[in-house]
Amino acid sequence: MSAIPLVFTSGWASGINAYAVVLLLGLFGATGVSDEVPAALQRTDVLIVAGVLFLCEAVADKIPYVDSVWDTAHTVIRPVAGAVVAALLAGESGSLPELAAGAIGGSTALMSHLVKAGTRMAVNTSPEPFSNVGMSVAEDLGVAGVITFGIFNPVAAAVIAAVLLVLGIVTVLFLASRIRRFLRRRAQRREEKRMAGTGGHWPPG
């Protein structure tokens, strides 16, 4: 079977939580649930690091504004992780060139990451923290569910991931005004901190 469906699914999931993807795939391979998981993802050291980073993300992802800082720091990490996982999956199956798989996984991860980051900016315009927690839990469950489903039914999981990606893009476009408001507030806070650091005096003009 072509690796494209699982490559696409893992790319979408990596854009949301790359550490969860590596951890889940590695555990599925190490426990013998799937023969499609590359040996590199089943290594004990990889599983330990992925598990620790997953726990860090699970905490940071549920704190207002901290989640957006975390997302910004992962703008490069998630697409790269998506590309690497996709290339490994393609190399294991031998049905898709690794370079092409990396391009699919990386670009899909980038799109889903931008959707996640944009949605979190919109959510952060709300003063209460519960929406962040709810979004984070929904994302974690979504990634776990789609990746698990993808192991057993990769085509159907890829369709679900594609639908979720499109819905996410539409949602971000709908929430564009909220996102702009968040960016303005963040820029204002930075300016206030800069002014406080200079004693509150504007430079002479």
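So, how was this worked out
- Residues numbered from 1 in each chain as written.
- Predicted model: local features only at pLDDT ≥ 70, side-chain atom pairs only at ≥ 80, totals over all residues.
- Heavy atoms only, no water.
- Helix = DSSP H or I, 4+ residues; strand = E, 2+ residues; numbered from the N terminus.
- Buried < 20%, exposed > 50% of the residue type's maximum accessible area, 1.4 Å probe, protein only.
- Contact = heavy atoms within 4.5 Å.
- Areas by Shrake-Rupley, 256 points an atom, 1.4 Å probe, with all protein chains shown as cover.
- Lys, Arg positive; Asp, Glu negative; His and termini not counted.
- Charge placed at Lys NZ, Arg CZ, Asp CG, Glu CD.
- Axes fitted to C-alpha atoms, helices over the stretch in contact; angles between N-to-C directions.
- Left-handed = near helix turned anticlockwise from the far one by under 90°.
- Nonpolar A, V, L, I, M, F, W, Y, C, P; charged D, E, K, R; others polar.
- Parallel < 35°, antiparallel > 145°, perpendicular 65-115°, else oblique.

A.B. asks: Before we go on, may I ask you to explain the overall build of the protein chain in this structure?
C.D. replies: The secondary structure content of the protein chain amounts to 9 helices and 0 strands. In the protein chain, the succession of helices and strands from N to C terminus is α-α-α-α-α-α-α-α-α. Residue burial in the protein chain is summarised as follows: out of 205 residues, 44% are buried. At a minimum sequence separation of 6, the contacts of the protein chain that also span at least 24 residues come to 72%. Accessible surface for the protein chain amounts to roughly 10,300 Å². Of this, 73% is attributable to carbon and sulfur atoms. When the 15 positive and 14 negative side-chain charges of the protein chain are each reduced to one mean point, those points stand 15 Å apart.

A.B. asks: What is the right way to read the packing of helix H5 (residues 77-93) against helix H6 (residues 98-123) from this model?
C.D. replies: When two helices pack together, their arrangement is given by the angle between the helix axes and by the axis-to-axis distance. Axis separation between H5 and H6 bottoms out at 7 Å; the angle between their running directions is 145°. H6 is crossed by H5, and the crossing has right-handed handedness. Of H6, the residues touching H5 (which contributes Arg78, Pro79, Gly82, Ala83, Ala86, Ala87, Ala90 and Gly91) are Glu98, Ala101, Gly102, Gly105, Gly106, Ala109, Leu110, His113 and Lys116. Residues belonging to the contact of H5 with H6 are distributed by class as follows: 8 nonpolar, 6 polar and 3 charged.

A.B. asks: How should the packing of helix H1 (residues 4-30) against H5 be read in this particular structure?
C.D. replies: Packing of H1 against H5 leaves a shortest axis separation of 8 Å and a crossing angle of 105°. Between H1 and H5, the crossing angle belongs to the class labelled roughly perpendicular. Residue-level contacts link Leu6, Val7, Ser10, Ser14, Gly15, Ile16, Ala18, Tyr19, Val21, Val22 and Leu25 of H1 to Ile77, Arg78, Ala81, Gly82, Val85, Ala86 and Leu89 of H5. Classifying every residue of the contact of H1 with H5 by side-chain character gives 13 nonpolar, 4 polar and 1 charged.

This is a description of form; function is not addressed.
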